[in-house]
Each structure stands twice: as structure tokens, then as C-alpha cells.
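# Commentary on secondary and tertiary structure
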Amino acid sequence: ETFKQFVKDKEWAFTVFNNGSSPELIKAIDERCAAHGLMCIKVENPDHSNPNFACAYPIQWSWKNYLQYNSGITVFLDSDMFLLKPFSFVERLGDKDIIALKQKRGHVPYISTNLVILNTLNLPEKDQMDWYCDNVEGQACDVGGRLYPWLVKHKDNLKIEAVKYSGDVGTH
């Protein structure tokens, strides 16, 4: 409901990638989405035993199957994050390719998937973007850690704004 109230952009769609961990939860999410007129796409996640994998899998799956083909702005937003005031993703992104919460393990900086705003039109080699968690160069990285090689490869061609806190996104 906060998106309907606060998103200033004229064209947008809110899509739920349903990664429920049980048939009952999947059904409840489907019903809630239907009641609010939201597109809901079921993600077949084979393993919910590891919380990092349970989070990473639907992000990677949605990226590979849907989101990398988007011809505009794509936003990842954790289910416990919401808007508090009018906001334009288009205006905030401006001429940047990515705005995201920064994350770092040791010497490995990467993008936290809690909040990511992407201009998919400008991203090179989108099919190479890997949102999984993993051990990267000896560092135990959270979800999004395997983006590090892609970020390093394209660092000179991307305009990225790394924000420290989710509230920083709305302060510009």
C-alpha cells in the first residue's frame, strides 16, 4: 500500500517473487497478492534449510528468468523495507546505473540486496551478474557477494552510488 501512496513515478509494477517455504505459506502469499492486485510469480526453491541460500536463490532466479530482461529500472527491496514519503526511483537514480546499500567482507566490497535500484538498460553483461552468497577470495560473503567479480570487471563503466543506510537513499 505504501508504494501506491508514495511512488511518484508514473509507470511501475510491483512484482512479488513467491519463495514460500511451505505449501501453506505459498498459498497465503498468493492470496495476499491476488487481494491487492499484485503480480505474483512462484519461485521453486529446493532448499530453505540455509537462510542465506533461501534468500539468494529467489533473487538469482528472478534475475536470470525475468529481471535482467527489464528495459528500465528494477528495484530489489526486502520485504521489511517500505516507503515513508513520496519518492521517485527515476529521479533518485538520475544518470547512475546502480544505487545500492554497500556491503563489505574483508577486502571484498559488493552490493547488499536489501535495497538495490538498477537501470537495467545500462548494465553490461547482465547475464553474468551472480547474486548468490559464497566464499569470495577467502571472504565469507552474504547474498550478493558473488557480484564482486562482475563489479570489478565493469567498475570503470558503471556509475554506482553506494549508500551506507537505506534512509540515505531518500535524502537526496
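Residues numbered from 1 in each chain as written. Predicted model: local features only at pLDDT ≥ 70, side-chain atom pairs only at ≥ 80, totals over all residues. Heavy atoms only, no water.

It is worth spelling out the pairing of strand β5 (residues 108–119) at this point. For β5, a buried count of 10 out of 12 residues is recorded, marking the element as mostly surrounded by other parts of the structure. Across 5 bridges, the pairing between strand β3 (residues 73–77) and β5 is antiparallel. Among the inter-strand pairings, Ile-73 is bridged to a residue of β5, identified as Asn-119. Connecting strand β4 (residues 98–105) to the antiparallel partner β5 that follows it, the hairpin turn spans 2 residues, and Gly-106 within it adopts a positive phi of roughly 60°. (Buried < 20%, exposed > 50% of the residue type's maximum accessible area, 1.4 Å probe, protein only. Helix = DSSP H or I, 4+ residues; strand = E, 2+ residues; numbered from the N terminus. Pairing = 2+ DSSP bridges.)

Moving on, we come to unusual backbone geometry. A positive phi is found at Glu-125, a non-glycine position, where the angle reads about 45°. Mapped onto the fold, Glu-125 is located in the loop between β5 and β6 (134–136). Judged by relative accessible area, which is 34%, Glu-125 ranks as partly exposed. At Glu-137, a position not held by glycine, the phi torsion is positive, near 50°.

One way to see where empty space is left: roll a probe the size of a water molecule over the atoms. The computed volume of the largest pocket comes to approximately 1800 Å³. Along the walls of the largest pocket sit 44 residues, with Phe-14, Thr-15, Val-16, Phe-17 and Leu-77 positioned nearest its centre. Taken together, the elements giving at least two residues each to the lining of the largest pocket come down to α1 (2–6), β1 (15–18), α2 (23–35), β2 (39–42), α3 (51–65), β3 and α4 (89–93). A breakdown of the residues in the lining of the largest pocket according to their chemical character gives 27 nonpolar, 11 polar and 6 charged. (1 Å grid on protein atoms, 1.4 Å probe; cavity = no way out; pocket = protein on both sides within 12 Å on 5 of 7 lines; lining within 4 Å. Points joined across faces, edges and corners; volume = space filled by probe spheres on them. Nonpolar A, V, L, I, M, F, W, Y, C, P; charged D, E, K, R; others polar.)

This model, assessed by the stated rule, comprises 12 aromatic pairs. Relative to Trp-131, the ring of Phe-76 lies with its centre 4.8 Å away and its plane at 85°, an arrangement referred to as edge-to-face. With Phe-76 in strand β3 and Trp-131 in the loop between β5 and β6, this pair connects stretches of sequence that are 55 residues apart. Residue classification places Phe-76 among the buried positions, given a relative accessible area of 8%. An aromatic cluster of three or more residues is present, and its members are Phe-3, Trp-12, Phe-14, Phe-87 and Phe-89. (Phe/Tyr/Trp six-rings, centres within 6.5 Å; stacked < 30°, edge-to-face > 60°.)

With that settled, the discussion passes to the nonpolar core. Counting residues in each nonpolar core, the largest one holds 27 residues, and the members touching the most others are Ile-98 and Trp-131. Secondary-structure elements contributing two or more residues to this core are α3, β4, β5 and α5 (148–154). Those residues in contact with Trp-131 that lie beyond four places of it in its chain are Ala-56, Ile-59, Gln-60, Trp-63, Phe-76, Ile-111, Thr-113, Val-116, Leu-118, Val-143, Gly-144 and Leu-147. (Core = buried A, V, L, I, M, F, W, Y, C linked by side-chain atoms within 4.5 Å. Contact = heavy atoms within 4.5 Å.)

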